[in-house]
Amino acid sequence: MRWLIGCIINAVLFMALAGYFHESFYLSGFTAALQASVLLSILNVLVRPLLILFTLPVTVLTMGLFLFVINAMTLELTDYLMGDAFEIGGFGMALFFAVLMSLVNLVIQKTILEPSRSSRKK
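Parameters and conventions
- Residues numbered from 1 in each chain as written.
- Predicted model: local features only at pLDDT ≥ 70, side-chain atom pairs only at ≥ 80, totals over all residues.
- Heavy atoms only, no water.
- 1 Å grid on protein atoms, 1.4 Å probe; cavity = no way out; pocket = protein on both sides within 12 Å on 5 of 7 lines; lining within 4 Å.
- Points joined across faces, edges and corners; volume = space filled by probe spheres on them.
- Helix = DSSP H or I, 4+ residues; strand = E, 2+ residues; numbered from the N terminus.
- Nonpolar A, V, L, I, M, F, W, Y, C, P; charged D, E, K, R; others polar.
- Buried < 20%, exposed > 50% of the residue type's maximum accessible area, 1.4 Å probe, protein only.
- Expected span 1.5 Å × (residues − 1).
- Axes fitted to C-alpha atoms, helices over the stretch in contact; angles between N-to-C directions.
- Parallel < 35°, antiparallel > 145°, perpendicular 65-115°, else oblique.
- Left-handed = near helix turned anticlockwise from the far one by under 90°.
- Contact = heavy atoms within 4.5 Å.
- Core = buried A, V, L, I, M, F, W, Y, C linked by side-chain atoms within 4.5 Å.

Colleague: Residues and numbers for the layout of surface pockets, please.
Modeller: Counted as a void, the largest pocket has a volume near 790 Å³. It is helix H6 (residues 91–121) that provides the largest number of residues to the lining of the largest pocket, a total of 11 residues. Its residues assigned to classes, the lining of the largest pocket comprises 13 nonpolar, 11 polar and four charged.

The structure is reproduced here in structure tokens:
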């Protein structure tokens, strides 16, 4: 259930980013956003751990900041696999979106999801 909620949140975030940055981020619709979100989550499970393992020395040297580059790589891979339905205007924009998505997901996690989990445990 948490995975599905995360996919929906990322799809809505993709739609918001596509609306705000329409020059450098194209999305054909909500279905494409949902498909891209599911594909991104699959890539985060399969490809991201390998990228982290291969780039571990650089990640340690940058104190974890290189993880944003890895997130941007998975976004670019999602762009490549989705074809014309999901387009990012370059690696710089993918890096910017990776940072932005991380921050938004952190805020949503801390303000909405964690308080609802702690209230269910009581």
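Colleague: Describe the environment of Gly29, naming the residues involved and giving the relevant values.
Modeller: The residue Gly29 is located in the loop between strand E1 (25–27) and helix H2 (30–46) in this model. Judged by its relative accessible area of 21%, Gly29 falls in the partly exposed class. Along the sequence, Gly29 and Thr59 sit 30 residues apart, while their C-alpha atoms lie 35 Å from each other.

Colleague: Please give an account of helix H5 (residues 66–82) that cites residues and values.
Modeller: For H5, with 17 residues, the first-to-last C-alpha span of 24 Å sits near the 24 Å given by 1.5 Å per residue. Among the residues of H5, those classed as buried are Phe66, Val69, Ile70, Asn71, Ala72, Thr74, Leu75, Thr78, Asp79 and Met82.

Colleague: Can you explain the packing of helix H1 (residues 2–20) against H2? Please cite residues and give values.
Modeller: Between H1 and H2, the shortest axis-to-axis distance is 8 Å and the interhelical angle comes to 125 degrees. Relative to H2, H1 is oriented oblique. Pair H1 / H2 crosses with right-handed handedness. Where H1 approaches H2, its residues Trp3, Gly6, Cys7, Ile8, Asn10, Ala11, Val12, Phe14 and Met15 are matched on the opposing element by Phe30, Ala33, Leu34, Ala36, Ser37, Val38, Leu40 and Ser41. Among the residues making up the contact of H1 with H2, the classes are represented as 13 nonpolar, four polar and no charged.

Colleague: Give a detailed account of H2, specifying residues and quantitative values.
Modeller: The end-to-end C-alpha separation of H2 is 24 Å, in line with the 24 Å expected for 17 residues at 1.5 Å each. Of the residues making up H2, those classed as buried are Ala32, Ala33, Ala36, Ser37, Leu40, Ser41 and Leu43.

Colleague: Help me get a handle on the nonpolar core, residues and values and all.
Modeller: A general tendency of soluble globular proteins is for nonpolar side chains to be buried together. Counting residues in each nonpolar core, the largest one holds 21 residues, and the members touching the most others are Phe14, Phe25, Leu75 and Phe86. Put simply, the parts of the chain that give this core at least two residues each are H1, E1, H2, H5, strand E2 (86–88) and H6. With five residues, H1 is the single largest residue contributor to this core.

Colleague: Quick rundown of the side chain of Ser24? Include the residues and the values.
Modeller: In this fold, Ser24 is placed in the loop between H1 and E1. Classification of Ser24 by relative accessible area gives buried; the value is 18%. Once residues lying within four places of it in the same chain are set aside, the contact partners of Ser24 are Glu87, Ile88, Gly89 and Met93.

Colleague: Break down unusual backbone geometry for me, with residues and values.
Modeller: In the Ramachandran plot, Met63 falls in the positive-phi region, its phi being about 55 degrees despite a non-glycine side chain. As for its position among the elements, Met63 is in the loop between helix H4 (56–61) and H5. Classification of Met63 as exposed rests on a relative accessible area of 77%.

Colleague: Can you lay out the packing of H2 against H5 for me, pointing to particular residues and giving the numbers?
Modeller: One can describe the packing of H2 onto H5 by two numbers: an axis separation of 9 Å at closest approach and a directional angle of 130 degrees. The orientation of H2 relative to H5 falls into the category oblique. Crossing hand, H2 versus H5: right-handed. For the pair H2 and H5, the contacting residues are Ala32, Gln35, Ala36, Leu39, Leu40, Leu43 and Asn44 in the first and Thr74, Leu75, Leu77, Thr78, Leu81 and Met82 in the second.

So, to be careful, I would describe these as geometric facts and stop short of saying anything about function.
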